[in-house]
Every structure is written in C-alpha cells, then in structure tokens.
Amino acid sequence: WEFEPLRELAQRALTRGDREGALQYAKHAVRLGGRGEAWTLLAEVHEKRGESELADEARSHVRPTRRPEASASDGKDGSSPD
C-alpha cells in the first residue's frame, strides 16, 4: 500500500458518509509511514468525525517545513550586519 491510494479511499469514504471506513484508511496510511501527509489526512478525518482533540493530536505530528532562506538571514552564519 502507498499513501496516495489510501488518501483516495479515505476521501471516497468521507464522500459516502463512511467516517469509520475513512478513519481506518487514514490510520493505515499513518502506520505505513505516510509522514506529514498521512497525519494531515488523519486530522481531517477526525475533524469530519467531530473529534477535535484527536485532530489536534494528529496535527502535532506534522513537522513544519523549514525555509532555507530563514537560516541564511537569521544572523547565525557568523556574519554581522553592517
């Protein structure tokens, strides 16, 4: 199994109103190591199920992406501003 087919199955389940099925697909995506996308999907499914706390918990596993320009402009590169 890969993430994309599981995401599609979860979305289709939500469209049909099958929130339990969607939850199972999303959990499976997380177990398979779907990383941030899988955790985001799980959070979305929990939101649709009215499970705000579980959605927040799932979102806490999503790591923010680091912008490369942030490290160059934060002054930690040893240069001093003139």
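Our structure is the block above this text.
As a starting point, this report considers the structure included with it.

Reading guide: rules and limits
Residues numbered from 1 in each chain as written. Predicted model: local features only at pLDDT ≥ 70, side-chain atom pairs only at ≥ 80, totals over all residues. Heavy atoms only, no water. Core = buried A, V, L, I, M, F, W, Y, C linked by side-chain atoms within 4.5 Å. Buried < 20%, exposed > 50% of the residue type's maximum accessible area, 1.4 Å probe, protein only. Helix = DSSP H or I, 4+ residues; strand = E, 2+ residues; numbered from the N terminus. Contact = heavy atoms within 4.5 Å. Expected span 1.5 Å × (residues − 1). Axes fitted to C-alpha atoms, helices over the stretch in contact; angles between N-to-C directions. Parallel < 35°, antiparallel > 145°, perpendicular 65-115°, else oblique. Left-handed = near helix turned anticlockwise from the far one by under 90°. Nonpolar A, V, L, I, M, F, W, Y, C, P; charged D, E, K, R; others polar.

Moving on, we get to the nonpolar core. Leu41, Leu42 and Val45 are the most contacted members of the largest nonpolar core, which has 17 residues in total. Sorting the residues of this core by element identifies α1 (3-16), α2 (19-31), α3 (35-48) and α4 (52-59) as the ones contributing at least two each.

Another aspect to go through is the environment of Gln11. Note on placement: Gln11 falls in helix α1. Exposure remark for Gln11: the relative accessible area of 24% places this residue in the partly exposed category. With 30 residues separating them in the primary sequence, Gln11 and Leu41 have C-alpha atoms 9.0 Å apart. Setting aside residues no more than four positions away along its own chain, Gln11 makes contact with Leu41 and Glu44.

Moving on: α3. For α3, with 14 residues, the first-to-last C-alpha span of 20 Å sits near the 20 Å given by 1.5 Å per residue. Along α3, the residues classified as buried are Ala38, Leu41, Leu42, Ala43, Val45 and His46. Gly50 occupies a position one or two residues after α3 and carries a positive phi of about 80°.

Our focus in this paragraph is α2. Spanning 13 residues, α2 covers 18 Å between terminal C-alpha atoms, matching the ideal 18 Å at 1.5 Å per step. Gly21, Ala22, Leu23, Ala26, Ala29 and Val30 are the residues of α2 that are buried. Tucked inside the fold, the buried residues of α2 contact α1 and α3. A positive backbone phi angle near 85° is found at Gly33, which sits one or two residues after α2.

This part is about the packing of α1 against α2. α2 packs onto α1 with a crossing angle of 165° between their chain directions and a minimal axis gap of 7 Å. In terms of their interaxial angle, α1 and α2 are classed as roughly antiparallel. Relative to α2, the crossing made by α1 is left-handed. Only Arg19, Gly21, Ala22, Tyr25, His28 and Ala29 of α2 make contact with α1, whose side of the interface consists of Phe3, Leu6, Leu9, Ala10, Ala13 and Leu14. Residues that form the contact of α1 with α2 fall into these classes: nine nonpolar, two polar and one charged.

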